[in-house]
Amino acid sequence: MVDAVVSIEGPRMSEGSARADALLQLVQAQGTAPPPHPSAHWISYGGGEAFLLAIVLLVVAGGFAYAGKRLRAPLRLTRPGATVAAFMIAIWLVAIYNAFVATYVYGLQVKQAYPGFVAARVRVGTFVDALVTFFVILYLTRRWGWKIALASAVIGTAIAPMIFEFPFDLIVMTRTNPPIPTYPVLYRQLFFLPLFLVELSTVSLLTLLPSMRVTAHACYAVSGMFVVFAVWAAFGFAFPAEPLPLALNVISKILCFVAAIMLFGWRPDAEVSNRM
């Protein structure tokens, strides 16, 4: 979602970014905004920062792998009642609307500060992944009847990119570029906080589905995604304009869709009635 809207990439919001913000404010005070670098949609990590990020991501990957190893049978989550479910759906819809409004406002501010700015478009095959995921989940959940199967396919396909986007947004949130004057941090929160609400509220909809189980294979797929993130981070977590970061972006997104499918790829005879 971030890739397609006001994309963000390229060193950190430490020294270099602070200088850029200061320069922007100085030039704007004179009535002219400097043109942003055409490919700097987010500021890449460098040196020790990249190494530290890679280590953190590997630790998270290890946590999911360990959870998958300990999960010997599909785990069923407690389903909410009708009233709670209605509130969850209402919050989800409001969060989506809020994200659209925040994105539009953010885009207006970018255009005002940088009239010549054009967001880069990266083609990573997300639509094809989503289409395949939808029909695979629809097939896997057919035994529940067409209504639950359809709901499972819709929600399962919707949560797949959220598995990718939540950690991705956390990684690039503080590094978005170009910075919007005069309070870049404020506008970054305006853009990302509604996205976090959409991502979390979308994932929460999984609890409404009787066809969903937390499986070891889903944990392994998420673990694999974080390993790819770690490799990407080791190379600065650069914007996917070059072959290597583009390939890592594509692979990590495929793994998030695989993880979503694995939430529905369990056998009834392997189920355990654990509850969270």
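In this text, all values refer to a predicted model and were calculated from it rather than measured experimentally.

Rules used throughout
Residues numbered from 1 in each chain as written. Predicted model: local features only at pLDDT ≥ 70, side-chain atom pairs only at ≥ 80, totals over all residues. Heavy atoms only, no water. Phe/Tyr/Trp six-rings, centres within 6.5 Å; stacked < 30°, edge-to-face > 60°. Helix = DSSP H or I, 4+ residues; strand = E, 2+ residues; numbered from the N terminus. Buried < 20%, exposed > 50% of the residue type's maximum accessible area, 1.4 Å probe, protein only. Lys NZ or Arg CZ within 6 Å of the ring centre and 35° of its normal. Polar contact = N/O pair within 3.5 Å; in protein donor to acceptor, adjacent residues only side chain to side chain. Expected span 1.5 Å × (residues − 1).

Enquirer: What should I look at first to understand the packing of aromatic side chains in this one?
Expert: To describe a pair of aromatic rings, one takes the distance between the centres and the angle between the planes. A complete count under the given rule lists 18 aromatic pairs for this structure. Taking the centre distance of 5.3 Å and the plane angle of 80° together, the rings of tryptophan 42 and phenylalanine 168 count as edge-to-face. Separated by 126 residues along the polypeptide, tryptophan 42 in the loop between α1 (15-29) and α2 (48-70) and phenylalanine 168 in helix α5 (residues 146-172) bring together distant segments of the chain. There is no split in this pair, since tryptophan 42 and phenylalanine 168 are both buried. One aromatic cluster is present, formed by Trp42, Phe64, Phe164, Phe168, Phe226, Phe229, Trp232, Phe237 and Phe239 through successive ring pairs. In this arrangement the basic side chain of arginine 142 is found over the ring face of tyrosine 139, its NZ or CZ atom lying 3.9 Å from the centre. Of note, arginine 143 hangs over the ring of tryptophan 266, and the distance from its end group to the ring centre comes to 5.0 Å.

Enquirer: Is there a simple way to explain the side chain of arginine 175 in this structure?
Expert: If you trace the backbone, arginine 175 turns up in the loop between α5 and α6 (184-204). Judged by relative accessible area, which is 0%, arginine 175 ranks as buried. From its side chain, arginine 175 meets the backbone oxygen of serine 44 in a polar contact 2.9 Å long.

Enquirer: What am I meant to see in helix α3 (residues 82-113) here?
Expert: Side chains of residues three or four places apart in an α-helix project in the same direction, reflecting 3.6 residues per turn. Here α3 spans 47 Å end to end across 32 residues, near enough to the 46 Å set by a 1.5 Å rise per residue. Within α3, burial applies to Ala85, Met88, Ala95, Ala99, Ala102, Thr103, Tyr106, Val110 and Ala113.

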